[in-house]
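Architecture and fold: a report
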4 protein chains.
Amino acid sequence: MNTPAFFLSDNAAAPCPEVLAALAAAAPAQAAGYDGDDWSRQLDGLFGALFGRECVVLPVATGTAANALALACMVPPWGAVACHTEAHIQVDECGAPEFFTGGAKLLLCPGAHGKLTPAGIDAALASHRGDVHQVQLATLSITQATECGTVYTPAEVSALVAHARSRGWRVHMDGARFANAVAHLGCAPADLVAGIDALSFGCIKNGGLSAEAIVLFDVALADQLRWRRKRAGQMPSKGRFNAAQIIAMVEDGVWLRNAAAANAGAARLADAAAQRLLHPVEANELFVQLAPGEPERLREQGFHFYDWGDAGSNEARFVVSWDTPPAAIDRLAAALAQHG
Amino acid sequence: MNTPAFFLSDNAAAPCPEVLAALAAAAPAQAAGYDGDDWSRQLDGLFGALFGRECVVLPVATGTAANALALACMVPPWGAVACHTEAHIQVDECGAPEFFTGGAKLLLCPGAHGKLTPAGIDAALASHRGDVHQVQLATLSITQATECGTVYTPAEVSALVAHARSRGWRVHMDGARFANAVAHLGCAPADLVAGIDALSFGCIKNGGLSAEAIVLFDVALADQLRWRRKRAGQMPSKGRFNAAQIIAMVEDGVWLRNAAAANAGAARLADAAAQRLLHPVEANELFVQLAPGEPERLREQGFHFYDWGDAGSNEARFVVSWDTPPAAIDRLAAALAQHG
Amino acid sequence: MNTPAFFLSDNAAAPCPEVLAALAAAAPAQAAGYDGDDWSRQLDGLFGALFGRECVVLPVATGTAANALALACMVPPWGAVACHTEAHIQVDECGAPEFFTGGAKLLLCPGAHGKLTPAGIDAALASHRGDVHQVQLATLSITQATECGTVYTPAEVSALVAHARSRGWRVHMDGARFANAVAHLGCAPADLVAGIDALSFGCIKNGGLSAEAIVLFDVALADQLRWRRKRAGQMPSKGRFNAAQIIAMVEDGVWLRNAAAANAGAARLADAAAQRLLHPVEANELFVQLAPGEPERLREQGFHFYDWGDAGSNEARFVVSWDTPPAAIDRLAAALAQHG
Amino acid sequence: MNTPAFFLSDNAAAPCPEVLAALAAAAPAQAAGYDGDDWSRQLDGLFGALFGRECVVLPVATGTAANALALACMVPPWGAVACHTEAHIQVDECGAPEFFTGGAKLLLCPGAHGKLTPAGIDAALASHRGDVHQVQLATLSITQATECGTVYTPAEVSALVAHARSRGWRVHMDGARFANAVAHLGCAPADLVAGIDALSFGCIKNGGLSAEAIVLFDVALADQLRWRRKRAGQMPSKGRFNAAQIIAMVEDGVWLRNAAAANAGAARLADAAAQRLLHPVEANELFVQLAPGEPERLREQGFHFYDWGDAGSNEARFVVSWDTPPAAIDRLAAALAQHG
């Protein structure tokens, strides 16, 4: 008997009880639609307290919308975003950044384990002249945690921010798994956003239902973002449900508890596959060099996961969610340990 | 004591119990994200049965997104949409159609009580030459029920569709209140969509929480719409919650029951203000010529509603929702009758 | 014998001798391409002297490009341009403003004889709320001379500029026939551009060959315009030919001599049709109410011109160019006088 | 005495006598503007004869406009263009392809000496999944002659076309120096465009003044291109001057004579630097590994050229134009031979 066990992604996890309760509480009819309700009005203050810094917070329906809308406020149509070669904005958003910015370009920078470095950025962009015949570098986009399941330390983020600032660029952080990064580091959230203009604060992968938050630290961009959000069909009339979800995630530390649970599961799996990890496991994803035939055997045992890397490479990605059953993790750990 | 009573809009109404139950049922973690779940896969069949016609159904987060994405599939950047002067796509979407289409134009046609007619369209567009120096008319967009709370009969829709087709245009229907129109007419839903390429099927104003449905009757546009939707950040990873809401609305006739309740409330108010209605009341909105001083007096009595028309005109709009308390309707009816 | 005589438009007139000579003089190979040549570097100073005001001047290939690029620097994608119902940017540019701005809207204001007035603008935009659900009014676009062959006086321009400024809007002037306006008024060019941010300075209709000039009085927009121009394929590598043409037009008053010649021809025709002019004749176009059958008779006599207004209205437009043969004008004047 | 000698680019060369004569011949006023003149109407037939294949030809003002407009007709906003890492559309057009397509992406493929190969394309795009979360590969863009001064043989073009077709892609050719390629190969022009949908046929670098030609072999795209061209401000009212230039280039083989002259000059220089060429010299550009100090010495002798490659690499690019003085070539050949 092979009970199915799902490690494909955290993106179809259950919403957590706090989120479901918040939706129910926000259900009764309200006087005002859009952002005129009591929940929506709390967001700026709540995140301001969380980050120790003034900010404007606007919910949207997806991480893709959060990234693309934030970037559109920071990169002109003739501009460019420097980002990692494997960044979600480059690889998995069907050109949303190009659509929302009016045709800006992403200039790609490689980096080990999904991480950018100042030197790596310089090397990748060395041939970019920046004269009138070329797009103008305007923004750096960092993914925290990265696409490889690694986490930038506060010092690494600061170095990247300083590098960007020295060139006159703004900085965006794709934080689809920002909670996992903070939970891993055990730092204050503020430690990771100094000098950041806009953060895509992920909720959905971490126990949310249908809302992500754009956190604008450069509040001068807020009006522009409001117009762009409306124009993009990302300003729902029952906005209270988005705001209520986000509040439920952030209040009382739910976001960090959920992320810590997911991270712990991934750490447990990492122990079992310690000799063959492709990247350090610092968040809730692990990338494993499987043996020939092992992917098939694992699937026969009921494990669902994605092949990664080139065809035939036997690389695999496993993602743990806040609600992945411990038994499933145990079972996968045991299976992975057999080739350890 | 003046208890507040809200007639501002149906857009902040409560989600109905069936929708809340459906969200709860869809909560457990799923194997597949995006549209790979059991709920999302039911949509095409469900609407195909409802309309007696093959269709592809894709949920989005707002009515603005539904309209703009549908139009983008039917109007090239150098194209034009003919629509009513007061259409939501022109007046209330912050240029979303222009954004999603890549810069198409809306060409405006007046018409009494919010309704277009073939002759009115011809008159409004008489000076449009259509040569290479002008945008190319590509699509007609009809709002059903209209912005004035009126409803096109099946014969009126057919005449507009025939007119559009004779000129080689496609037809889009903004059905933010499509349910109210069907409930008013008592017709089969199919009677209102013959020859329509895409329908924005509204749920949110009618008891939904966060999802509208784009119903594509021209299924050849489906792939394009899928890419555009992803690219617009309108394809959530937990797509099952959008699909589940929509299913809950359509199954067992919830959508028509909710709409009928709202329509009945508006009809009751219309009786009370029968001598001074600005438009026939055929859906869930009424527009009333108030007397001087009456807006202030009504507001003192706790009624919330929008002024309409030009400043100082004493015109007012009242909207009834599926869940507007009967007592509130009674009270407003009595207040309006005093000037009847 | 009916010799053909062309009054269709000034847009296919011959380039004037000064322009042809300038092209020949710029022919030899140059060291630097794009805007690095001696001609291109003269433009800012030349126009600065002409208008008594600092400006940045960038040539483009068409009036449509001049208008759309200038507007794109002054209207965000979520913005709106107020303009006359019959403005070239609305009627004859196939949506170029929408394309270059990333989807901004044009909000149309009627006005007698092609002219906007502050009161007319206010009336036309009275119902525009300007909240987050609507596009944001950002710029007024004035056409000088107008599409109806009339000319704004300096006082009229100033009143419109003051009106726009009081609302926080920028001001663009479509000067495809700016020379005709200045020649008519006999004023200093500076009298017509106080408070204007950008002027599309027309050359092609007035004896140029292939270049129009964008004159940016708000020089803070210059970098943006340079990037947008390059990105639009409007920055030719042999930019010296565009600059040389424009210099030839402006130096030694060629532009005003050419325009005065065209205006004088139109004035002569206006005398002959004085009783049936549809608009005052202040530039080089006249609009005449012909008698039934007269269009056919004029065409039999070899006159080429466009029907105007609604089908069957017998309205006609006649345009005189800088190089329209005097004999052709005499002949048309005589023909028009027969019904005078 | 160091006479200056210019090898920076062919893009500021003189227009050739045939082109200047054609402009003069087209100068007199014409009845019809835009594309309604006798010159514009000849283009389709002239190129149809040249390529032995039906085509529609539309002039534009720059190579950037030619490339971006052609691509916009062949790649949807959610699409992608596969092109060489060093392609002009990627490196030197300030994001024009993204602007004109509405935000499509360029996916970059490396290749030795500026040339793409089917295997190189496959390798570069191996990780592109092409599911709904990614842009859709739609078109291959080939540069002929390449950015490295090399030339694809007819067999190489055919292999790339076949590869693209097997994947369902269209094919665009950036032929800014197409003439140099044909002159080098001595083949029929038709041998290089089999299976190509659109060719940017360069004139300006090869003795033209201000017009390039888009040659559409897929004539079904012609209407779309006409609208896009108008909307982009690339349809001048005195279109006859663009058409006349292009006709002058193509008639009587001027384009091939000019290109052959430039190629011959480059070949002469290549002989002198044969031991240190970075790429084969097959068109009118050569890339040379200079010795330390040599760039400075060459500049002291009056030679103008661009440094190439990374800073300090002592790589240099030299471009020969149709009209580069033989004495200048002799002098540079002698100078280069000193380090041969």
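These figures come from a predicted structure and were not determined experimentally.

1. Re the environment of Gly103 of chain C
Summarising the element assignment, Gly103 of chain C is placed in the loop between helix H5 (96-101) and strand S4 (105-109). For the pair Gly103 of chain C and Ala222 of chain C, spaced 119 residues apart in the sequence, the C-alpha separation amounts to 21 Å. Leaving out residues up to four positions away in the same chain, Gly103 of chain C has contacts with Gly95, Glu98, Phe99 and Gly103 of chain B together with Pro77 and Glu98 of chain C.

2. A look at the interface of chain B and chain A
Taken residue by residue, the interface counts 45 residues in chain B and 45 residues in chain A. If you list the elements that add at least two residues to the side of chain B that touches chain A, you get helix H1 (17-25), helix H3 (63-72), helix H5 (96-101) and helix H9 (222-231) of chain B. Split by residue class, the side of chain B that touches chain A holds 28 nonpolar, 13 polar and four charged.

3. Section: the sheet that holds strand S8 (residues 212-216) of chain C
Residues and elements named next belong to chain C. The mixed open sheet is built from seven strands, whose spatial order is S2-S8-S7-S6-S5-S3-S4. The sheet is open, and its two borders are formed by strand S2 (56-60) and S4, each paired with just one other strand. Across the sheet, the mean angle from the axis of one strand to that of its neighbour is 25 degrees, orientation sign disregarded. Here five bridges tie strand S3 (residues 79-84) to S4, and the two strands are oriented parallel to one another. Each residue of the ladder has a partner; that of His84, found in S4, is Cys109. Relative to the sheet, helix H7 (residues 154-166) contacts strand S5 (136-143) and strand S6 (170-175), its axis offset from that of S5 by approximately 175 degrees.

4. Comments concerning the domain arrangement of chain A
Residue and element names in this part refer to chain A. In terms of domain boundaries, chain A breaks down into domain 1 (5-12 + 255-337) and domain 2 (17-253). At the interface, 20 residues of domain 1 touch 21 residues of domain 2. Counting only elements with at least two residues in the side of domain 1 that touches domain 2, the list comes to helix H11 (254-272) and strand S9 (285-289). No other element matches the eight residues that H11 contributes to the side of domain 1 that touches domain 2.

5. What to know about the relation of the copies chain B and chain A
The pair of chain copies shares a relation made of a rotation about an axis and a shift along it. Of the two same-sequence chains, chain B is brought onto chain A (RMSD 0.0 Å, axial shift 0.0 Å) by a rotation of 180 degrees. Taken together, the rotation and translation relating the two chain copies correspond to the operation of a two-fold axis. Comparing interface residues between copies, 100% of those in chain B also sit at the interface in chain A, which points to an isologous, same-surface contact.

6. Some points on the relation of the copies chain D and chain C
Rotating chain D by 180 degrees and translating it 0.0 Å along the rotation axis places it on chain C, where the RMSD comes to 0.0 Å. Comparing interface residues between copies, 100% of those in chain D also sit at the interface in chain C, which points to an isologous, same-surface contact.

7. Quick look at helix H13 (residues 326-337) of chain C
Residue and element names in this part refer to chain C. Relative to the 16 Å expected for 12 residues at 1.5 Å per residue, H13 spans 16 Å between its end C-alpha atoms, a close match to the ideal helical length. What H13 keeps buried is the set Ile329, Leu332 and Leu336. Burial along H13 is one-sided: seen end-on, the buried residues are contained in an arc of 70 degrees. Seen from the buried face of H13, the exposed residues on the opposite side, beyond 90 degrees, are Pro326, Ala327 and Ala334. Packed against the buried residues of H13 are strand S1 (5-6), helix H11 (254-272), strand S9 (285-289), strand S10 (303-304) and strand S12 (315-319).

The rules we used
Residues numbered from 1 in each chain as written. Chains lettered and ligands numbered in written order. Predicted model: local features only at pLDDT ≥ 70, side-chain atom pairs only at ≥ 80, totals over all residues. Helix = DSSP H or I, 4+ residues; strand = E, 2+ residues; numbered from the N terminus. Contact = placed C-beta atoms within 7 Å. Nonpolar A, V, L, I, M, F, W, Y, C, P; charged D, E, K, R; others polar. Pairing = 2+ DSSP bridges. Axes fitted to C-alpha atoms, helices over the stretch in contact; angles between N-to-C directions. Domains from an automatic or database assignment. Least-squares fit on C-alpha atoms with pLDDT ≥ 70 in both. Expected span 1.5 Å × (residues − 1). Buried ≥ 20, exposed ≤ 12 C-beta atoms within 10 Å, placed from the backbone. Arc of directions from axis to C-beta.

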